[in-house]
Amino acid sequence: MSSEGELRDLYQELILDHGRRPRNFSPMPDASAKAEGFNPLCGDRVTVFVKTEGERIGAVSFQGSGCAISTASASLMTERLKGMTRTEAQGLLDRFHAMVISEPGKPLPADLGKLEVLGGVREFPMRVKCATLAWHALKSALEQGGGTVSTE
Ligand code: ZN
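Attention in this report is confined to the structure presented alongside it. A quick note: this is a predicted structure, and the numbers were derived from the prediction, not measured.

**Observations regarding the packing of aromatic side chains**
Link 1 in the chain: Going through the model one piece at a time under the given rule, you end up with two aromatic pairs.
Link 2 in the chain: With a centroid separation of 5.1 Å and an interplanar angle of 75 degrees, the aromatic rings of F25 and F62 are classed as edge-to-face. Of this pair, F25 sits in the loop between α1 (4–20) and β1 (33–39) while F62 is found in strand β3 (residues 56–65), placing the two residues 37 residues apart along the sequence.
Link 3 in the chain: Overall, F62 belongs to the buried group, its relative accessible area being 2%.
Link 4 in the chain: Their ring planes at 10 degrees and their centres at 4.3 Å tell us that F96 and W135 sit as a pair that is stacked. Of this pair, F96 sits in helix α3 (residues 86–101) while W135 is found in helix α4 (residues 125–144), placing the two residues 39 residues apart along the sequence.
Link 5 in the chain: Overall, F96 belongs to the buried group, its relative accessible area being 0%.
Link 6 in the chain: Above the face of the F38 ring, R45 is positioned so that its terminal group lies 4.0 Å from the ring centre.

**Notes on the coordination of the zinc ion**
Link 1 in the chain: Within the protein, C42 (SG), D44 (OD), D44 (OD), C67 (SG) and C130 (SG) serve as the donor atoms for the zinc ion, at 2.2 to 2.7 Å.
Link 2 in the chain: Each donor residue of the zinc ion belongs to the same chain, with the gaps between them written as C-x1-D-x22-C-x62-C. Of the two residues, C67 is situated in the loop between β3 and α2 (68–81) and C130 in helix α4; the sequence distance between them amounts to 63 residues. Just as C67 is buried, C130 falls in that class too.

**As for the environment of E143**
Link 1 in the chain: Examined against the element boundaries, E143 turns out to sit in helix α4.
Link 2 in the chain: When the C-alpha positions of E143 and A33 are compared, they lie 9.4 Å apart, and in sequence the two are 110 residues distant.

**Comments concerning the packing of α2 against α3**
Link 1 in the chain: Two numbers describe how α2 lies on α3: the axes approach to 11 Å, and their chain directions differ by 145 degrees. Crossing of α2 against α3: the hand is right-handed. Facing α2, whose interface residues are S73, R80 and L81, α3 presents A89, L92, R95 and F96.
Link 2 in the chain: For the contact of α2 with α3, the residue count by class is four nonpolar, one polar and two charged.

**Digging into the nonpolar core**
Link 1 in the chain: By size, the foremost hydrophobic cluster in this structure holds 39 residues, and its most contacted members are V48, L81, F96 and L138.
Link 2 in the chain: Those elements giving two or more residues to this core turn out to be β1, β2 (44–53), β3, α2, α3 and α4.
Link 3 in the chain: In terms of residues, this core owes the most to one element, α4, which gives 10 residues.
Link 4 in the chain: The contact partners of L138, leaving out residues within four places of it in the chain, are V48, V50, M77, L81 and L93.

Conventions adopted
Residues numbered from 1 in each chain as written. Predicted model: local features only at pLDDT ≥ 70, side-chain atom pairs only at ≥ 80, totals over all residues. Heavy atoms only, no water. Phe/Tyr/Trp six-rings, centres within 6.5 Å; stacked < 30°, edge-to-face > 60°. Helix = DSSP H or I, 4+ residues; strand = E, 2+ residues; numbered from the N terminus. Buried < 20%, exposed > 50% of the residue type's maximum accessible area, 1.4 Å probe, protein only. Lys NZ or Arg CZ within 6 Å of the ring centre and 35° of its normal. Donors = N, O, S within 2.8 Å, 3.2 Å for Na, K, Ca; no water. Axes fitted to C-alpha atoms, helices over the stretch in contact; angles between N-to-C directions. Left-handed = near helix turned anticlockwise from the far one by under 90°. Contact = heavy atoms within 4.5 Å. Nonpolar A, V, L, I, M, F, W, Y, C, P; charged D, E, K, R; others polar. Core = buried A, V, L, I, M, F, W, Y, C linked by side-chain atoms within 4.5 Å.

This is the structure in structure tokens:
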């Protein structure tokens, strides 16, 4: 029943909602790792905090300032990651990245759930770095335990 246009409007609404009222938007004083990301192209800044419990991600939050796409992407990412193992998180990160750099019109990778709302950025190569910024920071936090990453 819903046309492609209606679906796009719905996606747009979800991005704006997460952009305006980001979830898990707070510092985490007892984080096991944190990493900062900076996207000079757009001016987006994000700090991702992760608390690991063994192999699992017990909690994840973020702070920063940036455009609606970068904020919504970070917000949706934190919602999805809680309770995942490191391996699952890496898999999700890979699929998310594959989605945003895929050719417009091609089917999206499976199991992205709500994150599919960000699939639209593949039509706007300039915005890909906005969408992936928090994910780069997450990767850095999980792999090296922190630091600063730049999209450049
Ligand atoms: Zn941006």
